[in-house]
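# Structure at a glance
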Amino acid sequence: MTGAVKNIKTGKKLFLSALQGGRSNRIPFWFMRQAGRYLPEYRELRARAGGFLDMVYNPDFATEVTMQPLRRYGMDAAILFSDILVIPHALGQKLEFLHGEGPKFEPIRCEEDFKNLEYTEAILAPVYETIKSLKSQIQKEGFYDTALIGFAGAPWTVATYMVEGGSSRTFENVKKWAYCNPETFERLIELITQTTIRYLLSQIKAGVEAIQIFDSWAGVLDESEYNRWVIIPTKKITQALAQSHPDIPVIGFPKGSGFLYEVYAKKTGVTALGLDSQVPLEKADFLQDILPVQGNLDPVCLLTGGMSLKNTAEKILEKLSAKPFIFNLGHGVIKETPPEHMAVLSEIIKNWRI
Ligand code: 1CP
């Protein structure tokens, strides 16, 4: 069942229209990590595929898992099934996804460790195949008004995984490097930035209609480090994309940015701002005068369900629907979330009228 619709006035897909500052009488929505482990059909396919990367680099599997949430909930956008860590992988850094432990890299701690990294674009060829396959599958299944989002990690967030060797709580090694030896760290950031630009341009060429840049760990930096490692590299990416594709919107999601969301909105050149759940709705309303916003329901509220889900979702809709807005979570769907809660939330949003 397709739920996505067009903006009646402009004839554009609702999601793309909101990114261009348009409003309609229904709020477009999608959810970060809408494809994933909370869905039984995902878990079933994941078990058949073997490893996580086997799934990402198999266009048939990746297409199928991207489609799964659309069939259940009819979102206004599908997000390509891939991962932000394919960039270091394509640069030649050995990557493993160990069961239940998340990603593991052999860590890079100095320039010597990354000087031999080289981008092999062919590794990512299956991702572009997935995009092409999704373009036709989305049509074939009748989701005519559902847009396809491509994505990459922001250079800072990708660097945290490359340097820490996986997920981290303190970001000690990567921050130490950035503080002690910013010149060599900048070369690592530049390598990721330039590779990411090439990767995103290829995604656009293959057919994605919007881009999201995930900066999941933007929030661990102080103001001046934030400018150097978040703002500047993100701006390089948006400028490079705009040069050849000014019509492709870019959503920036600098999770945890707090007071720095405003400077991010004004200086990076992104088209829209992804808000995490800590951004107060008053502040979100203020940011909406700068750019369209996307967000920001707490994923734990979705996991919880019931009246608190209904009340919180409606509060967000009430507060943010008057200006350009896309409903989303403040971070990814948690894997224990009951699929019925996703159905309830999708209906709340679809039935909401401005
Ligand atoms: O076991 C499994 O099946 C793998 C779980 C999983 C999934 C479903 C991982 C491993 N990645 C993904 C897909 C994914 N990752 C998507 C596409 C699916 C969708 O959104 O519907 C996207 C956009 C991402 C992005 C991603 N990967 C981010 C940014 C968003 C965020 O969550 O902050 C990050 C940080 C990653 C790294 C990553 N990939 C996977 C894991 C376990 C991690 C580490 C997360 C951490 O450090 O907490």
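Preceding this section is the structure that the text describes.
The following refers to the structure shown. (Residues numbered from 1 in each chain as written. Predicted model: local features only at pLDDT ≥ 70, side-chain atom pairs only at ≥ 80, totals over all residues. Heavy atoms only, no water.)

## Comments concerning the overall build of the chain
Secondary structure assignment for the chain yields 16 helices and nine strands. The C-alpha atoms of the chain give a radius of gyration of 19 Å, which matches the 20 Å a tight globule of 354 residues would have. Reported as C-alpha extents along the three principal axes, the dimensions of the chain are approximately 55 × 45 × 40 Å. Scored against the burial criterion, the 354 residues of the chain give a buried share of 58%. Considering only contacts in the chain between residues 6 or more positions apart, those separated by 24 or more positions represent 73%. Carbon and sulfur atoms make up 52% of the accessible area of the chain, which amounts to about 14,700 Å² in all. Looking at the chain, you have 40 positive and 40 negative side-chain charges, and the mean spots of the two groups are 4 Å apart. (Helix = DSSP H or I, 4+ residues; strand = E, 2+ residues; numbered from the N terminus. Rg over C-alpha atoms; globule rule 2.2 N^0.38 Å. Buried < 20%, exposed > 50% of the residue type's maximum accessible area, 1.4 Å probe, protein only. Contact = heavy atoms within 4.5 Å. Areas by Shrake-Rupley, 256 points an atom, 1.4 Å probe, with all protein chains shown as cover. Lys, Arg positive; Asp, Glu negative; His and termini not counted. Charge placed at Lys NZ, Arg CZ, Asp CG, Glu CD.)

## Some details on the pairing of strand 4 (residues 147-153)
Most of strand 4 sits out of view: seven of its seven residues are buried. Burial along strand 4 is two-sided: the face carrying A147, I149, F151 and G153 and the face carrying L148, G150 and A152 are both buried. Taken together, the three bridges between strand 1 (residues 77-79) and strand 4 define a ladder with parallel strand orientation. Following the sheet pairing, A77 is matched in strand 4 by A147. Where strand 4 and strand 5 (residues 210-214) come together, five bridges link them in parallel fashion. Its bridge partner being in strand 5, F151 is matched across the sheet by Q212. (Pairing = 2+ DSSP bridges.)

## Looking at helix 11 (residues 223-244)
Counted at 1.5 Å a residue, the expected span for helix 11 with its 22 residues is 32 Å, and the 31 Å between its end C-alpha atoms agrees. Along helix 11, the largest kink reaches about 25° and is centred on I231; proline P233 follows within four residues of it. If you check which residues of helix 11 are buried, you get E225, Y226, W229, V230, I231, P233, T234, I237, T238, A240 and L241. Those residues of helix 11 hidden inside the fold are in contact with helix 8 (155-164), helix 9 (172-180), helix 10 (182-206), strand 5, strand 6 (250-253) and helix 12 (261-267). Of the residues flanking the start of helix 11, the one acting as N-cap is D222, its side-chain oxygen 3.2 Å from the backbone nitrogen of S224. (Expected span 1.5 Å × (residues − 1). Bend = angle between axes of the 7 residues up to and from the residue. Polar contact = N/O pair within 3.5 Å; in protein donor to acceptor, adjacent residues only side chain to side chain.)

## Here we look at the site of the ligand
Lining the immediate surroundings of the ligand are 22 residues, of which Y42, R46, Y161, S167 and S216 lie closest. Side-chain polar atom of R46 to an oxygen atom of the ligand: 2.6 Å apart, as the coordinates give it. Taking Y161, its side chain carries an N or O atom lying 2.5 Å from an oxygen atom of the ligand. In isolation the ligand has 880 Å² of accessible area, and contact with the protein removes 88% of it. Every element with two or more residues in the shell around the ligand is listed here: helix 2 (40-49) and strand 3 (102-105). Within the shell around the ligand, the residues separate by chemical class into 12 nonpolar, six polar and four charged. (Near = heavy atom within 4 Å. Nonpolar A, V, L, I, M, F, W, Y, C, P; charged D, E, K, R; others polar.)

## Let's talk about unusual backbone geometry
Between G295 and N296 the backbone carries a cis peptide bond, its omega angle lying at -25°. Tracing the backbone through its elements, the reader meets N296 in strand 8 (residues 293-297). For F171, which is not glycine, the phi dihedral falls at a positive 60°. If you trace the backbone, F171 turns up in the loop between helix 8 and helix 9. On the accessibility criterion, F171 (3% relative accessible area) is buried.

## Brief notes about the pairing of strand 9 (residues 325-329)
Within strand 9, five of the five residues are buried, leaving the element largely enclosed by the surrounding structure. Because side chains alternate across strand 9, one face comprises the buried residues F325, F327 and L329, and the other comprises I326 and N328, equally buried. The sheet contact formed by strand 8 and strand 9 spans five bridges and is parallel. For N296, the partnering residue across the bridge sits in strand 9 and is N328.

## Thoughts on the pattern of salt bridges
Under the definition given, this model contains 21 salt bridges. For the salt bridge of K319 with E282, the shortest nitrogen-to-oxygen distance reads 2.8 Å. Taken together, the positions of K319 in helix 15 (residues 306-320) and E282 in helix 13 (residues 281-287) put the pair 37 residues apart, joining distant regions of the chain. Residue classification places E282 among the exposed residues on the basis of a relative accessible area of 54%. In this structure, the salt-bridge partner of K310 is E314, at a minimum N-O distance of 3.2 Å. Of this pair, K310 and E314 are both found in helix 15, four residues apart, which corresponds to roughly one turn of the helix. (Salt bridge = Lys/Arg side-chain N within 4 Å of Asp/Glu carboxyl O.)

That is the geometry; function is a separate question.
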